[in-house]
Amino acid sequence: MPRIQLFDPEKLDSITLGQLFDMVTAWAPLDAAMQTAKAEKDKREAEFAKENEERFKLATYEIAQDHAAGLAQIQLVMSKHPEWFEKRGCRERRTDNAVFGFRKAKDTVTVADIEALKDFSDAEGLKLYDVEVKPILASIKRELKDRDVIPGVSVKVGIPKPFAEAIMRNLDESRKGN
């Protein structure tokens, strides 16, 4: 495909709408080629990732089975003998190539009654909850259709920006000679 001849920037004001149509028409196959190339790259990456994951699973299947079984046995023995880890505050033991023991799981806090928590927090002067005001932009935009101003809201009017993109269906048909 021949390279597109760029126009002279000094002649920008003299370019006609017809010339712009010609420029976009000549450029569209390049955009289509870029979109196609990116889609092919993404497809290859996805295929590679899937194949790589399958190879990993095949290569490590027996190791994974033995790993899981061994860890389950170790944890079962440890759970039957927690006293082995309680002496002198010992929570873990070491071998030449591993460390094992008990780690405290993080505490989980669940709020079952938000109103009771709020009442308690307010009565005790504590800050145990947040009240967040979050603007609902879609509602604000709808309301601005009926009014010019909403206190505390400013509107930055969108400025049209030029764009160009290939219409793949048309380009595929033109490549076939339709």
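Residues numbered from 1 in each chain as written. Predicted model: local features only at pLDDT ≥ 70, side-chain atom pairs only at ≥ 80, totals over all residues. Heavy atoms only, no water.

## Points about the overall build of the protein chain
Now for step 1: From N to C terminus, the protein chain includes 4 helices and 2 strands.
Now for step 2: Its helices and strands taken in sequence order, the protein chain reads α-β-β-α-α-α from the N to the C terminus.
Now for step 3: A buried classification covers 6% of the 178 residues belonging to the protein chain.
Now for step 4: The long-range fraction of contacts in the protein chain, counting pairs at least 24 apart against all pairs at least 6 apart in sequence, stands at 34%. (Helix = DSSP H or I, 4+ residues; strand = E, 2+ residues; numbered from the N terminus. Buried < 20%, exposed > 50% of the residue type's maximum accessible area, 1.4 Å probe, protein only. Contact = heavy atoms within 4.5 Å.)

## Digging into the pattern of salt bridges
Now for step 1: Tallied over the entire structure, the rule returns 9 salt bridges.
Now for step 2: One salt bridge in this structure joins K104 and D107, with 2.6 Å as the shortest N-O distance.
Now for step 3: K127 is paired through a salt bridge with D130; the nearest N and O atoms lie 2.6 Å apart. In terms of burial, K127 and D130 fall into one category: exposed.
Now for step 4: Because the salt bridges share partners, they merge into one network encompassing K38, K41, D42 and E45. (Salt bridge = Lys/Arg side-chain N within 4 Å of Asp/Glu carboxyl O.)

## Considering a nonpolar patch on the surface
Now for step 1: The grouping of L17, L20, F21, M23 and V24 at the surface amounts to a nonpolar patch, some 470 Å² of accessible area in total.
Now for step 2: The exposed category is assigned to F21, whose relative accessible area is 54%. (Patch = residues over 30% accessible without salt bridge, like charges linked within 9 Å, V, L, I, M, F, W, Y side chains within 5 Å. Areas by Shrake-Rupley, 256 points an atom, 1.4 Å probe, with all protein chains shown as cover.)

## Focus: the packing of aromatic side chains
How two aromatic rings sit relative to each other is set out by the distance from centre to centre and by the angle between their planes.
Now for step 1: On inspection of all chains with the given rule, the structure shows 2 aromatic pairs.
Now for step 2: Here F85 and F100 contribute two aromatic rings whose centre-to-centre distance is 5.8 Å and whose plane-to-plane angle is 90°, an arrangement assigned as edge-to-face. One end of the pair, F85, is in the loop between α1 (17–80) and β1 (92–94); the other, F100, is in strand β2 (residues 99–101), and 15 residues separate them in sequence.
Now for step 3: On the accessibility criterion, F85 (2% relative accessible area) is buried.
Now for step 4: Ring centres 5.1 Å apart and planes at 75° place the aromatic pair F85 and F102 in the edge-to-face group. Of this pair, F85 sits in the loop between α1 and β1 while F102 sits in the loop between β2 and α2 (114–124), and the two are 17 residues apart along the sequence.
Now for step 5: Residue class for F102 comes out partly exposed when judged on its relative accessible area of 28%.
Now for step 6: By way of ring pairs, the aromatic residues F85, F100 and F102 are connected into one cluster. (Phe/Tyr/Trp six-rings, centres within 6.5 Å; stacked < 30°, edge-to-face > 60°.)

## Description of the side chain of S121
Now for step 1: Tracing the backbone through its elements, the reader meets S121 in helix α2.
Now for step 2: At 2.5 Å, the side chain of S121 forms a polar contact with the backbone oxygen of L126. (Polar contact = N/O pair within 3.5 Å; in protein donor to acceptor, adjacent residues only side chain to side chain.)

## Quick notes on the confidence of the model for the protein chain
Now for step 1: Here the protein chain shows a mean pLDDT of 86. Residues at 70 or above account for 89%.
Now for step 2: Element-level mean pLDDT values for the protein chain span from 65 in helix α4 (residues 168–176) up to 93 in α1. (pLDDT = per-residue confidence, 0-100.)

## Re α1
Now for step 1: Along its length, α1 shows its largest kink, about 60°, at T60.
Now for step 2: Among the residues of α1, A28, P29, D31, A32 and M78 are the ones counted as buried. (Bend = angle between axes of the 7 residues up to and from the residue.)

## Thoughts on the side chain of D31
Now for step 1: Counting through the fold element by element, D31 comes out in helix α1.
Now for step 2: Here A166 takes part through its backbone nitrogen, which lies 2.6 Å from a polar atom of the side chain of D31.
Now for step 3: In this structure, D31 is in contact with E165 and A166, ignoring residues within four places of it in sequence.

## Thoughts on the environment of R91
Now for step 1: Locating R91 in the fold gives a position in the loop between α1 and β1.
Now for step 2: Spatially, the C-alpha atom of R91 lies 9.3 Å from that of K104, the residues being 13 residues apart in sequence.
Now for step 3: Beyond its immediate sequence surroundings of up to four residues, R91 is in contact with F85, E86, G101 and F102.

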